[in-house]
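Observations on chain architecture
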Amino acid sequence: MLESMELADVNVAGYDTLLLDRDGVINRLRPNDYVKCWEEFEFMPGVLDVLARWNRQVRHIFIVTNQRGIGRGIMTEEDLAEIHRRMCDEIRRHGGRIDKIYHCSAVADDDPRRKPQIGMFEEILAEWPDVSRSGCLMIGDSESDMKFAVNCGIKGVRL
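Conventions and cut-offs
Residues numbered from 1 in each chain as written. Predicted model: local features only at pLDDT ≥ 70, side-chain atom pairs only at ≥ 80, totals over all residues. Heavy atoms only, no water. Helix = DSSP H or I, 4+ residues; strand = E, 2+ residues; numbered from the N terminus. Rg over C-alpha atoms; globule rule 2.2 N^0.38 Å. Buried < 20%, exposed > 50% of the residue type's maximum accessible area, 1.4 Å probe, protein only. Contact = heavy atoms within 4.5 Å. Areas by Shrake-Rupley, 256 points an atom, 1.4 Å probe, with all protein chains shown as cover. Lys, Arg positive; Asp, Glu negative; His and termini not counted. Charge placed at Lys NZ, Arg CZ, Asp CG, Glu CD. 1 Å grid on protein atoms, 1.4 Å probe; cavity = no way out; pocket = protein on both sides within 12 Å on 5 of 7 lines; lining within 4 Å. Points joined across faces, edges and corners; volume = space filled by probe spheres on them. Nonpolar A, V, L, I, M, F, W, Y, C, P; charged D, E, K, R; others polar. Phe/Tyr/Trp six-rings, centres within 6.5 Å; stacked < 30°, edge-to-face > 60°. Salt bridge = Lys/Arg side-chain N within 4 Å of Asp/Glu carboxyl O.

As a further point, take the overall build of the protein. A count of helices and strands for the protein gives five helices and six strands. Tracing the protein from N to C terminus, the helices and strands come up as β-β-α-β-α-α-β-α-β-α-β. Its C-alpha atoms give the protein a radius of gyration of 15 Å, near enough to 15 Å, the size a compact globule of 159 residues would have. In terms of its C-alpha atoms, the protein occupies a principal-axis envelope of roughly 40 × 35 × 30 Å. Residues counted as buried form 47% of the 159 residues belonging to the protein. By sequence separation, contacts in the protein at least 24 residues apart represent 68% of the contacts at least 6 residues apart. Total accessible area on the protein stands at roughly 7600 Å², and carbon and sulfur atoms take up 49% of it. Each charge sign in the protein was given a centre, from 22 positive and 28 negative side chains, and these centres are 2 Å apart.

Shown next as structure tokens:
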């Protein structure tokens, strides 16, 4: 089942694992652009408080994000790592956490790791044996995120 709502209204009761898209969920989208450096990163309103609350409610919080800008040469893996390091530091400062970030830099839509394909979810299941499909909730802002949830066999909530 797919639902649509505001981030602060998402009820995570009954789930022990959250899969979050990054752009449009954690940070503001940059229309027709990518977040290429920390100075371009802007947290969505209220997301730090919500992540702090979810930190106390669920066992795992993962980010699953397509980052085509790397594949297109617009930014580097190092640029992305720096953005994610600073993002996670800020989330921790506010009482939240991200257990791991999975990203796909492929340009091709049919890459097995690129959402809506399930490669990143398969990696989570392989690396975190206590994660089960029935305990997972995908939270995203795009049709691709919702197709990803369906393809993974998990519930999806669209913001």
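Turning next to the layout of surface pockets. Reported here for the largest pocket is a volume of approximately 550 Å³. Of all the elements in the fold, those that place two or more residues in the lining of the largest pocket are β3 (60-66) and α5 (143-152). Taken together, the residues that form the lining of the largest pocket break down as five nonpolar, six polar and 13 charged. For the second largest pocket, the full set of lining residues is M5, E6, L7, A8, G24, V25, M44, P45, G46, V50 and L159. Counted by class, the lining of the second largest pocket contains eight nonpolar, two polar and one charged residues.

Bringing the packing of aromatic side chains into the picture now. Here the distance between the centres and the angle between the planes together describe a pair of aromatic rings. Counting across every chain of the model gives five aromatic pairs. Where W38 meets F41, the ring centres are 4.9 Å apart and the plane angle is 15 degrees; that geometry is what we call stacked. Summarising the burial analysis for this pair, W38 and F41 share the class buried. Between F62 and Y102, the aromatic rings sit 6.0 Å apart at their centres with planes inclined by 75 degrees, giving edge-to-face as the arrangement. Of this pair, F62 sits in strand β3 while Y102 sits in strand β4 (residues 100-104); the two residues are 40 residues apart in sequence, bridging distant segments of the chain. Summarising the burial analysis for this pair, F62 and Y102 share the class buried. Among the aromatic residues, ring-to-ring pairing joins W38, F41 and F43 into one connected group.

On to the pattern of salt bridges. Pairs may arise between side chains of opposite charge once their charged atoms sit close together. Following the criterion strictly, the structure yields 21 salt bridges and no others. Between R30 and D33 there is a salt bridge whose closest N-O contact spans 3.0 Å. Given a relative accessible area of 29%, R30 falls into the partly exposed group. Its relative accessible area of 31% is what places D33 among the partly exposed residues. Between K115 and D145 there is a salt bridge, with its nearest N and O atoms 2.7 Å apart. Of this pair, K115 sits in the loop between β4 and α4 (119-127) while D145 sits in helix α5, placing them 30 residues apart in sequence. Look at D145 and you get buried, because its relative accessible area is 2%. Sharing partners across several salt bridges, the network here consists of E82, R85, R86, D89 and R92.

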